[in-house]
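The chain contents come next:
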Amino acid sequence: MHPISDLQIEYSLISRGIEPEILPAARELGVGVTAYGVLSRGLLSGHWSADRDVRDFRAHLPRFTGDNLAANLRLVEALRAVAADRDATVAQVAVGWVLSRGADVVPLVGARTRTRLDESLGAFDLDLTPADLDAIEAAVPADAVAGTRYDAMQMSFLDSEK
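Since the model is a prediction, treat every value here as computed from it, not as a measurement. (Residues numbered from 1 in each chain as written. Predicted model: local features only at pLDDT ≥ 70, side-chain atom pairs only at ≥ 80, totals over all residues. Heavy atoms only, no water.)

**Student:** Hey, could you go over the pattern of salt bridges for me, with residue numbers and the actual values?
**Tutor:** For the coordinates displayed, the defined rule picks out six salt bridges. Asp104 serves as the salt-bridge partner of Arg27, at 2.7 Å between the closest nitrogen and oxygen. With Arg27 in helix H1 (residues 22–29) and Asp104 in the loop between helix H3 (90–99) and strand S3 (105–107), the pair connects residues that are 77 residues apart, well separated along the chain. Of the charged contacts, one joins Arg101 and Glu137 as a salt bridge, the two residues approaching to 3.3 Å between their closest N and O atoms. Taken as a pair, Arg101 in the loop between H3 and S3 and Glu137 in helix H5 (residues 130–139) lie far apart in primary sequence, 36 residues in all. (Salt bridge = Lys/Arg side-chain N within 4 Å of Asp/Glu carboxyl O. Helix = DSSP H or I, 4+ residues; strand = E, 2+ residues; numbered from the N terminus.)

This is how it looks when you write it as structure tokens:
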């Protein structure tokens, strides 16, 4: 038997459900966090558009449909303005924000192409100041995200969203 040393869980600017209880508990227990979904299934990549023809599971996710998608893309545009002021991309700022959460939080970056991976890895070259982090969080407030990660039934299975 070995103690738990790491928790892999979704964590991003758009999915902050772990902040109130799970992240503090992990820290209290000395458990690291591997954050997946740091680009929120591509929504925070800066390459998403409302007219994109989605033919995968995201077409069924509340954050990617109808008015929710429109509202969330407005958040991405606000983040794009913050990123531009820092000579960075939306993806880099989104990954950089997760990197800023602490040495015990490691972002797991997924990418479909080498170009997108290289772009995201540029976050390691960002030096985000406290003012930058404030601007990022003002652009994408935790309570401004429209729609849930999954439909109601799937959400009922997630401890991080209760």
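Anyway, onward from the coordinates.
**Student:** Help me get a handle on the nonpolar core, residues and values and all.
**Tutor:** One recurring pattern in soluble globular proteins is that nonpolar side chains are buried together. In this structure, Leu13, Leu44, Leu79 and Ile136 are the most contacted members of the largest nonpolar core, which totals 40 residues. When residues of this core are traced back to their parent elements, those giving at least two are H1, strand S2 (32–36), helix H2 (66–85), H3 and H5. Setting aside chain neighbours within four positions, we find Leu44 in contact with Ser12, Leu13, Ile14, Val38, Leu39, Val76, Leu79, Val90, Ala91 and Ala94. (Core = buried A, V, L, I, M, F, W, Y, C linked by side-chain atoms within 4.5 Å. Buried < 20%, exposed > 50% of the residue type's maximum accessible area, 1.4 Å probe, protein only. Contact = heavy atoms within 4.5 Å.)

**Student:** Hey, could you go over the packing of H2 against H5 for me, with residue numbers and the actual values?
**Tutor:** One way to put it is that H2 packs onto H5 with a least axis distance of 8 Å and a crossing angle of 160°. As judged from the angle between their axes, H2 and H5 are roughly antiparallel. The hand of the H2/H5 crossing is right-handed. Contact residues: H2 offers Leu75, Ala78, Leu79 and Val82, while H5 offers Ala135, Ile136 and Ala139. For the contact of H2 with H5, a count of residues per class yields seven nonpolar, no polar and no charged. (Axes fitted to C-alpha atoms, helices over the stretch in contact; angles between N-to-C directions. Parallel < 35°, antiparallel > 145°, perpendicular 65-115°, else oblique. Left-handed = near helix turned anticlockwise from the far one by under 90°. Nonpolar A, V, L, I, M, F, W, Y, C, P; charged D, E, K, R; others polar.)

**Student:** Can you lay out H2 for me, pointing to particular residues and giving the numbers?
**Tutor:** With 20 residues, H2 ought to run about 28 Å at 1.5 Å a step, and its terminal C-alpha atoms sit 30 Å apart, in line with that. If you check which residues of H2 are buried, you get Leu69, Ala71, Asn72, Leu73, Leu75, Val76, Leu79, Val82 and Ala83. Where H2 is buried, its residues contact H3 and H5. Phi for Asp87, located one or two positions after H2, is positive at around 55°. (Expected span 1.5 Å × (residues − 1).)

**Student:** Let's hear about the sheet that holds strand S1 (residues 6–10): which residues, and what values?
**Tutor:** With parallel pairing, the three strands of this open sheet are ordered in space as S1-S2-S3. At either end of the open sheet lies a strand with only one pairing partner, and these are S1 and S3. Along the sheet, successive strands turn relative to each other by an average axial angle of 25°, direction set aside. In the sheet, S2 pairs with S3 via three bridges, with the strands oriented parallel. If you follow Ala35 over to S3, its bridge partner there is Pro107. (Pairing = 2+ DSSP bridges.)

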